[in-house]
Amino acid sequence: MTFLYSSLSILFLSGIILISKHATLFTTINSTEYLENSYKSSKYQITDRYILNLLYKNELKDQDDELCYSLKQKLLSSGFIGTSDKEYFVFNNSSSSHPLLINSCVLSDGNHRILIKSNPSNQNIYNLNTCVADDKYICSFEED
């Protein structure tokens, strides 16, 4: 009986020590390296949610050539873009050869790039792709 109790206490003690070692190991790792994200909780994420809401309510013009201009006007009148923020400009259509990105109109402020186009089979469905392109002028998913 003594042997049973002593072996159980050794097992419990080694389990507690193992858990405490893992806890100290995980707390010493710099967690900001893994959680650093320039998009999460940024003004770009809020802007994208606003755009999705516009698309859901079907408040944008359906024609592809006017889609980005309509979106730009809605963004300017929404108040999400302040006077100190960079202005969004409409650029030429995306040069990507991906089927979901071909001829997407592009709206960008230099950091935040928005690609949008209506679906040819159903005008009420839109393809929306955005990214934060800090170092490049195009998104990584646009590269061929």
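About the criteria used
Residues numbered from 1 in each chain as written. Predicted model: local features only at pLDDT ≥ 70, side-chain atom pairs only at ≥ 80, totals over all residues. Heavy atoms only, no water. Helix = DSSP H or I, 4+ residues; strand = E, 2+ residues; numbered from the N terminus. Buried < 20%, exposed > 50% of the residue type's maximum accessible area, 1.4 Å probe, protein only. Contact = heavy atoms within 4.5 Å. Areas by Shrake-Rupley, 256 points an atom, 1.4 Å probe, with all protein chains shown as cover. Salt bridge = Lys/Arg side-chain N within 4 Å of Asp/Glu carboxyl O. Pairing = 2+ DSSP bridges. Axes fitted to C-alpha atoms, helices over the stretch in contact; angles between N-to-C directions. Disulfide = S-S within 2.5 Å.

**Notes on the overall build of the protein**
- Across its full length, the protein holds four helices and four strands.
- Secondary structure elements of the protein, listed N to C terminal, follow the sequence α-α-α-α-β-β-β-β.
- Looking at the protein residue by residue over its 144 residues, the buried ones come to 28%.
- Here the contacts in the protein between residues at least 6 apart in sequence split such that 44% fall between residues at least 24 apart.
- Accessible surface for the protein amounts to roughly 10200 Å². Of this, 58% is attributable to carbon and sulfur atoms.

**Some details on the pattern of salt bridges**
- All chains considered together, the criterion is met by three salt bridges.
- Between K74 and E59 there is a salt bridge; the shortest N-O distance is 3.8 Å. Of this pair, K74 sits in helix α4 (residues 64-78) while E59 sits in the loop between α3 (43-56) and α4, placing them 15 residues apart in sequence.
- Judged by its relative accessible area of 35%, E59 falls in the partly exposed class.
- Put simply, K72 and E87 hold a salt bridge, and the shortest N to O gap is 3.4 Å. On the criterion of sequence distance, the pair formed by K72 in helix α4 and E87 in the loop between α4 and β1 (89-91) is long-range, its members being 15 residues apart.

**Observations concerning the sheet that holds strand β4 (residues 126-132)**
- Here we have four strands laid out as an open sheet, ordered β1-β2-β3-β4, and antiparallel in their pairing. In the strand order of this sheet, the two ends are held by β1 and β4, each with one partner. Adjacent strand axes in the sheet meet at a mean angle of 20°, parallel and antiparallel pairs treated alike.
- With seven bridges connecting them, strand β3 (residues 112-118) and β4 associate as antiparallel partners. If you follow H112 over to β4, its bridge partner there is V132.
- The strands touched by α3 are β3 and β4; relative to β4, the strand with the most contacts, the crossing angle is about 175°.

**So, the state of the cysteines**
- In this structure the tally under the stated criterion is two disulfides.
- Here C68 is linked by a disulfide to C105, with a sulfur-sulfur distance of 2.0 Å. On the sign convention where negative means left-handed, the S-S torsion of about 90° between C68 and C105 marks this disulfide as right-handed. With C68 in helix α4 and C105 in strand β2 (residues 105-108), the pair connects residues that are 37 residues apart, well separated along the chain. Comparing C68 with C105 shows no difference in burial state: the two are buried.
- Here C131 engages in a disulfide with C139; their sulfurs sit 1.9 Å apart. Linking C131 and C139, the disulfide has an S-S dihedral of approximately -85° and is accordingly described as left-handed.
- Accessibility expressed as a relative area gives 14% for C131, which makes it buried.
- Note on C139: relative accessible area 1%, which makes it buried.

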